[in-house]
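Here is how the chains run, residue by residue.
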Amino acid sequence: MIRLFHIRNSKCLLEGNTFAWLNFQMSSGLKDFKDPPKETIVGFPDQNRLKIVQKQPTYPSGFLTPKMPKRLADHRGPELVNNKLIHEQYGIVALSGGQLKHGHFEMMRNTINRNLDLNKSFAVWRVDPPWKPVTRHGQGKKLGGGKGAIDHYVTPVKRGRIIVEIGGYVPTRMVNRVLIDVAQKLPFPAKAVSKADLDHWEQEDKYVLENNLNKFRWEWCIKNNILNVLNYVGKYDIEFCHLGPDCR
């Protein structure tokens, strides 16, 4: 009886070991593990390249495309909002007002993306896509006939506006060769700058304003109407008089 009990127990143990061995064999083999999380640098945008800019704004179906006057005030005077570098590295700043066409956006995008290392650096737009319509009459057309058809769209840019910004690991070759080349091809004076350049310009203006011993500054002369100057200046000279005589 005791011997029979030992035999049955040994059979059960063998059967249990067999099932355990089969289960072990079924659980082994090729396994599909999850990919490790991709390392991203803090502060990098989702897309490192400059995005393609549309030639004209999109309107809903059945919407009448609006026309606008010239409105030269859109690119007159200094830029008071978008005049700082967000990522505090490099960028292109406008030294005078002007208008950007779609061809200028494509020139900047192609030049910068071809020389940009996507694994270490990035570039972002700091201006809006073309949104302001410019109308034009056909060649050889007589005068009159109302406002012409829309020919193209532009983006007005004021003096001091940051146009494009580059960050990450940017070698000196990229700044000296690419950004300067892009700045020289724009339709208005522009310059490739860094965060140190903008800080230096700001410190210079602050130093001149605090240590200027000349009482007859442009702002003081306009506010006090020295030599009846208000009869000779325009409204924009009065509006931006605190920025100097060349602010327009």
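Structure: see above.
In this text, all values refer to a predicted model and were calculated from it rather than measured experimentally. Here, residues in each chain are numbered from 1, in the same order as that chain's written sequence. Given that this is a predicted model, residues contribute local features only at a pLDDT of at least 70 and side-chain atom pairs are listed and counted only at 80 or more, while totals for whole chains, interfaces and linings are drawn from all residues. Side-chain numbers come from the whole structure's heavy atoms, not from hydrogens or water.

Any chance you could explain the packing of helix 2 (residues 102-114) against helix 3 (residues 172-184) here in plain terms?
The description of two helices packed together rests on the angle between their axes and the distance between the axes. At a minimum axis distance of 10 Å, the contact between helix 2 and helix 3 shows a crossing angle of 165°. Considering their axes alone, helix 2 and helix 3 lie roughly antiparallel with respect to each other. Of the two possible hands of crossing, helix 2 and helix 3 adopt the one that is right-handed. Along the contact surface, helix 2 presents Met107, Met108, Thr111 and Ile112, while helix 3 presents Met174, Val178, Leu179, Asp181 and Val182. The classification used treats Ala, Val, Leu, Ile, Met, Phe, Trp, Tyr, Cys and Pro as nonpolar, Asp, Glu, Lys and Arg as charged, and all other residues, Gly among them, as polar. Grouping the amino acids of the contact of helix 2 with helix 3 by side-chain chemistry returns 7 nonpolar, 1 polar and 1 charged. Here, axes are lines fitted to C-alpha atoms. For helices the fit covers the stretch in contact, and angles between N-to-C directions go from 0 to 180 degrees. For the purposes of this entry, the term helix denotes a DSSP run of H or I that reaches at least four residues, the term strand denotes a run of E that reaches at least two, and both are numbered from the N terminus. The labels follow the angle: roughly parallel below 35 degrees, roughly antiparallel above 145, roughly perpendicular from 65 to 115, and oblique for the rest. By convention, the crossing between two helices is left-handed when the near helix turns anticlockwise from the far helix through less than a right angle, and right-handed when the turn is clockwise. By the convention used here, residues are in contact when the closest approach between their heavy atoms is within 4.5 Å.

How should the sheet that holds strand 7 (residues 190-194) be read in this particular structure?
Two strands in a sheet stick together by hydrogen bonds in their backbones, pointing the same way (parallel) or opposite ways (antiparallel). Strands sit in the order 3-6-1-7 across an open sheet of 4 strands; the sheet is antiparallel. Each edge of the open sheet is held by one strand with a lone partner, namely strand 3 (121-125) and strand 7. Here the average twist between neighbouring strands, direction ignored, is 20°. Sheet topology places strand 1 (residues 90-94) next to strand 7; 5 bridges connect them, and they run antiparallel. Within the sheet, the bridge partner assigned to Tyr90 lies in strand 7 and is Ser194. Docked against the sheet, helix 2 engages strand 3 and strand 6 (162-168), running at close to 175° with respect to strand 3. Of the strands in this sheet, strand 1, strand 6 and strand 7 are in contact with helix 4 (residues 195-211), which crosses strand 7 at around 100°. A strand pair is defined by DSSP finding two or more bridges across the two strands.

Got a minute to help me understand the pairing of strand 5 (residues 149-157) in this structure?
Each regular strand carries side chains that alternate between the two faces of the sheet. Bridge count for strand 2 (residues 98-100) against strand 5 is 3 bridges, and the pairing is antiparallel. When the bridges of strand 5 are listed, Gly98 appears paired with Val157. Looking at chain direction, strand 4 (residues 132-136) and strand 5 are connected through 5 bridges and run antiparallel. Following the sheet pairing, Thr135 is matched in strand 5 by Ile150.

Whenever I open this one, the packing of aromatic side chains confuses me. Can you help?
Working definition: an aromatic ring pair is given by the centre-to-centre distance plus the angle between the planes. Two rings belonging to Phe, Tyr or Trp (six-membered ring only in the last case) form a pair when the distance between their centres is within 6.5 Å. Interplanar angles under 30 degrees mark stacking, angles over 60 mark edge-to-face geometry, and anything in between is tilted. Tallying each qualifying case throughout the model produces 3 aromatic pairs. Judged by centre distance (5.5 Å) and plane angle (15°), the rings of Tyr59 and Phe63 are stacked. Directly above the ring of Tyr236 sits Arg76, whose terminal nitrogen or CZ lies 4.2 Å from the centroid. Here, over-ring charges are defined by two tests on the NZ atom of lysine or the CZ atom of arginine: distance to the ring centre within 6 Å, and angle to the ring normal within 35 degrees.

In this structure, what is going on with the side chain of Thr155? I would like to understand it.
Within the fold, Thr155 resides in strand 5. Using a relative accessible area of 2% as the deciding quantity, one classes Thr155 as buried. Polar contact is the term for a pair of N or O atoms within 3.5 Å; when the atoms are in protein, one must be able to donate a hydrogen and the other to accept it, and sequence-neighboring residues count only if both atoms are side-chain atoms. Here Pro129 takes part through its backbone oxygen, which lies 3.1 Å from a polar atom of the side chain of Thr155. Apart from the residues lying within four places of it in its own chain, the contact partners of Thr155 are Gly98, Gln99, Leu100, Phe105, Asp128, Pro129, Pro130 and Trp131. Buried residues are those whose accessible area, probed at 1.4 Å on protein chains only, stays under 20% of the maximum for their type, while exposed residues exceed 50% and partly exposed ones sit between those limits.

I'm lost on a nonpolar patch on the surface in this one. Help?
Nonpolar side chains (Val, Leu, Ile, Met, Phe, Trp, Tyr) are joined into patches within 5 Å and like charges within 9 Å, using only residues with over 30% relative accessible area and no salt bridge. In short, Shrake-Rupley with a 1.4 Å probe defines the accessible areas, and a residue's cover is counted only from the protein chains shown. Here, a salt bridge means any side-chain nitrogen of Lys or Arg that lies within 4 Å of a carboxyl oxygen of Asp or Glu. On the surface, Leu80, Val81 and Leu243 cluster together into a nonpolar patch covering about 310 Å² of accessible area. Under the relative-accessibility criterion, Leu243 is labelled partly exposed at 39%.

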